[in-house]
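If you want the building blocks of each chain, they are given just below.
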Amino acid sequence: MKKTALFTSLFAVFALSGCASILNDKTQAINVSASNGKEISGTIDGATFKAPGVVNVTRENKNKMVLVSTDGCAKETSVEKSVDPKFFINILSGGAFGSTTDYSTEKMWRYSENVVVSCK
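In this text, all values refer to a predicted model and were calculated from it rather than measured experimentally. (Residues numbered from 1 in each chain as written. Predicted model: local features only at pLDDT ≥ 70, side-chain atom pairs only at ≥ 80, totals over all residues. Heavy atoms only, no water.)

Turning next to the overall build of the protein chain. Across its full length, the protein chain holds 4 helices and 9 strands. For the protein chain, the α and β elements follow one another from N to C terminus as α-α-β-β-β-β-β-β-β-α-α-β-β. For the protein chain, with 120 residues in total, the buried portion stands at 32%. The contacts of the protein chain with a sequence gap of at least 6 include a subset with a gap of at least 24, amounting to 66%. In the form shown here, the protein chain has an accessible surface area of approximately 7,500 Å², with 60% of it arising from carbon and sulfur atoms. (Helix = DSSP H or I, 4+ residues; strand = E, 2+ residues; numbered from the N terminus. Buried < 20%, exposed > 50% of the residue type's maximum accessible area, 1.4 Å probe, protein only. Contact = heavy atoms within 4.5 Å. Areas by Shrake-Rupley, 256 points an atom, 1.4 Å probe, with all protein chains shown as cover.)

Shown next, in the form of structure tokens:
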């Protein structure tokens, strides 16, 4: 009887969990660099960075904006969000609850891994 309850509990946990929610972190690392190879500085979501380098951003249902303060470079560079392919595993396996979980945790979103800021 206890084995059945344990199996049922484990099944419910996996059935109600989203794949992207399990496999993705709340943040994603993005490589930021300048088109001219020089060092630049700026902010993403209010967090300062120096590039070339890696910037961690929070996954969420909105595009990110790279704001650069270095002269000669584009002041704003948009980083578009897209749906992580892991999200579709839930759809294909019939996991409507898992897909809902991925959407509600916002871990279903991803950004380009490499962002190049246009500079002279």
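Counting 17 residues, the largest nonpolar core has Ile-30, Val-32, Ile-40, Ile-44, Phe-49, Val-66 and Val-117 as the members making the most contacts within it. Of all elements in the fold, only strand E1 (27-34), strand E2 (40-44), strand E3 (47-51), strand E4 (53-58), strand E5 (64-68) and strand E9 (114-117) reach the threshold of two or more residues within this core. Of the residues forming this core, the biggest block, 3 residues, is contributed by E1. (Core = buried A, V, L, I, M, F, W, Y, C linked by side-chain atoms within 4.5 Å.)

A few words on the sheet that holds E1. Pairing is mixed across the open sheet formed by 3 strands, whose spatial order is E4-E1-E9. Where the open sheet ends on each side, the last strands, each with one partner, are E4 and E9. Along the sheet, successive strands turn relative to each other by an average axial angle of 35°, direction set aside. In this sheet, E4 lies alongside E1 in antiparallel orientation, the contact comprising 6 bridges. Looking at the pairing, Asn-31 lines up with Val-54 of E4. (Pairing = 2+ DSSP bridges. Axes fitted to C-alpha atoms, helices over the stretch in contact; angles between N-to-C directions.)

In this section: the confidence of the model for the protein chain. In the predicted model, the protein chain carries a mean pLDDT of 82, and 69% of its residues have values of at least 70. Taken as a whole, residues 12-18 scores under 50 in pLDDT and shows 12 contacts with residues more than four places along the chain or in a different chain. (pLDDT = per-residue confidence, 0-100.)

Within the structure shown, the criterion is met by 3 salt bridges. The partner of Lys-64 in a salt bridge is Asp-45, with the nearest N and O atoms 2.6 Å apart. You can see Lys-64 sitting in strand E5 and its partner Asp-45 sitting in the loop between E2 and E3, a full 19 residues away along the chain. Here Asp-45 falls in the partly exposed class, since its relative accessible area comes to 43%. In this structure, Lys-62 and Glu-60 form a salt bridge, with 3.9 Å as the shortest nitrogen-oxygen distance. Looking at Lys-62, the relative accessible area reads 41%, which means it is partly exposed. (Salt bridge = Lys/Arg side-chain N within 4 Å of Asp/Glu carboxyl O.)

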